[in-house]
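Understanding the architecture of this molecule
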Amino acid sequence: MTVARNAIALALALLAGRAAAGETPVEALKRAYPDAVAASHGDTIVFKDGTRLDTGADDPAKSFDERIAHANLRDMFRLAYPKGAALAPPAINFDPGRFRDKAFFDRLYGDCRKGEVEKRLVAVTWLAKSWGRAVKFAPEAAAALGAVSAEIDAMPPSIKHAAYPTAGTYACRGVADQGQPSMHAYGAAIDLNLDYSYYWLWDTNGKGAPHWRNRMPREIIDAFERHGFIWGGRWYHYDTMHFEYRPELSAPAR
Ligand SMILES: [Zn+2]
């Protein structure tokens, strides 16, 4: 049943091929990053500094591995993020949000290997009433993280304990299985309590198919999704303590 339902969800997502509320990729990027993306012309976005980035072609022959390693902006929107959906094992290779256009995020947040990211990070107090330590985050995403923190902090201890201590935010590193920068390299991702975490690569040791499981409470996932974050537990290649700021895929509530 679950497999059939997920296959249908995947087919719908592929058909949609676009972001929340029927936006095109350029519309979603303009809405999500208004301080960085000034305009769009057809399939090209224009940054505030005048530089441009094309969405690239939609190539049906491009493989999953190629999209993971070299995603363009169109690939980024290929799988619609199922914000608010029931928690269930994702269909094979349904990884909405793991296709990331490196050129776009380098332009947005900087290149950590050139020291451009770390100097811009700001401190956000994570769960002031429960844990109360500062984490470093990208300025574009700091207010959203603060709003998530306030919501989780008001939850019962049995739920919010999955959210601390955090396992980290900024780290200038690539994703373990692909070598591409993760959103941690931009200071726009947070890992929560390691004790509540399942990660496909640790579970499989790189051999065999991921078998999804999860202990992250629904209330915490909902809080992040309300503020423009996506959750790594919605991926076939799951990472259930991981949340990253991707308002182009998870439109914040208005
Ligand atoms: Zn992470």
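That block above? That's the structure.
Residues numbered from 1 in each chain as written. Predicted model: local features only at pLDDT ≥ 70, side-chain atom pairs only at ≥ 80, totals over all residues. Heavy atoms only, no water.

1. Topic: the overall build of the protein chain
Each helix and strand counted, the protein chain has nine helices and eight strands in total. Looking at the protein chain alone, contacts between residues at least 24 apart form 61% of all its contacts between residues at least 6 apart. Carbon and sulfur atoms make up 55% of the accessible area of the protein chain, which totals about 11400 Å². (Helix = DSSP H or I, 4+ residues; strand = E, 2+ residues; numbered from the N terminus. Contact = heavy atoms within 4.5 Å. Areas by Shrake-Rupley, 256 points an atom, 1.4 Å probe, with all protein chains shown as cover.)

2. Some remarks on the pattern of salt bridges
Under the definition given, this model contains 18 salt bridges. Of the charged contacts, one joins K102 and D106 as a salt bridge, the two residues approaching to 2.6 Å between their closest N and O atoms. Note that K102 and D106 are positioned in helix 5 (residues 102-109) at a spacing of four residues, about one turn of the helix. Judged by relative accessible area, which is 25%, K102 ranks as partly exposed. Close ionic contact of E248 with R246 constitutes a salt bridge, the shortest N to O distance being 2.7 Å. (Salt bridge = Lys/Arg side-chain N within 4 Å of Asp/Glu carboxyl O. Buried < 20%, exposed > 50% of the residue type's maximum accessible area, 1.4 Å probe, protein only.)

3. A word on the pairing of strand 2 (residues 44-47)
Alternating residues of strand 2 divide into T44 and V46 and I45 and F47, and every residue in both groups is buried. The sheet contact formed by strand 1 (residues 37-41) and strand 2 spans four bridges and is antiparallel. Looking at the pairing, A39 lines up with V46 of strand 2. Connecting strand 1 to the antiparallel partner strand 2 that follows it, the hairpin turn spans two residues, and G42 within it adopts a positive phi of roughly 60 degrees. Examined bridge by bridge, strand 2 and strand 3 (residues 52-54) share three bridges and lie antiparallel to one another. Bridging across to strand 3, V46 finds its partner in R52. (Pairing = 2+ DSSP bridges.)

4. Things to note about helix 5
For helix 5, every residue scored as buried is listed here: F104, F105, D106, L108 and Y109. The backbone nitrogen of A103 lies 3.0 Å from a side-chain oxygen of the residue at the head of helix 5, namely D101. Where helix 5 ends, the next residue or the one after it, G110, has phi of about 100 degrees, a positive value. (Polar contact = N/O pair within 3.5 Å; in protein donor to acceptor, adjacent residues only side chain to side chain.)

5. What about the sheet that holds strand 8 (residues 242-245)?
In spatial order, the strands read 6-8-7; together these three strands make up an open sheet with antiparallel pairing. At either end of the open sheet lies a strand with only one pairing partner, and these are strand 6 (189-191) and strand 7 (229-231). Neighbour-to-neighbour, the strand axes of the sheet open up by a mean angle of 20 degrees, direction not taken into account. Here strand 6 runs beside strand 8; their pairing, made up of three bridges, is antiparallel. Each bridged residue has a counterpart across the sheet, and for A189 the counterpart in strand 8 is E244. Strand contacts of helix 6 (residues 139-153): strand 6, strand 7 and strand 8, with the helix running at about 65 degrees to strand 7, the strand carrying the most contacts. (Axes fitted to C-alpha atoms, helices over the stretch in contact; angles between N-to-C directions.)

6. As for the side chain of T166
For T166, the location among the structural elements is in the loop between helix 7 (157-160) and strand 6. The exposure class assigned to T166 is buried, which follows from its relative accessible area of 17%. When residues no more than four places from it in sequence are discounted, the contact partners of T166 are W126, W131, V135, I190, D191 and L192.

7. Focus on unusual backbone geometry
With an omega of -10 degrees, the peptide bond between Y164 and P165 qualifies as cis. Positive phi values are uncommon outside glycine, yet L127 reaches one of about 55 degrees. Tracing the backbone shows L127 in the loop between strand 4 (122-126) and strand 5 (133-137).

8. Remarks on the coordination of the zinc ion
In this structure, H184 (NE2), D191 (OD) and H242 (ND1) serve as the protein donors to the zinc ion, at separations of 2.0 to 2.1 Å. Each donor residue of the zinc ion lies on one chain, and together they are spaced H-x6-D-x50-H. A residue is classified by how much of its surface remains accessible, and H184, at 2% relative accessible area, is buried. (Donors = N, O, S within 2.8 Å, 3.2 Å for Na, K, Ca; no water.)

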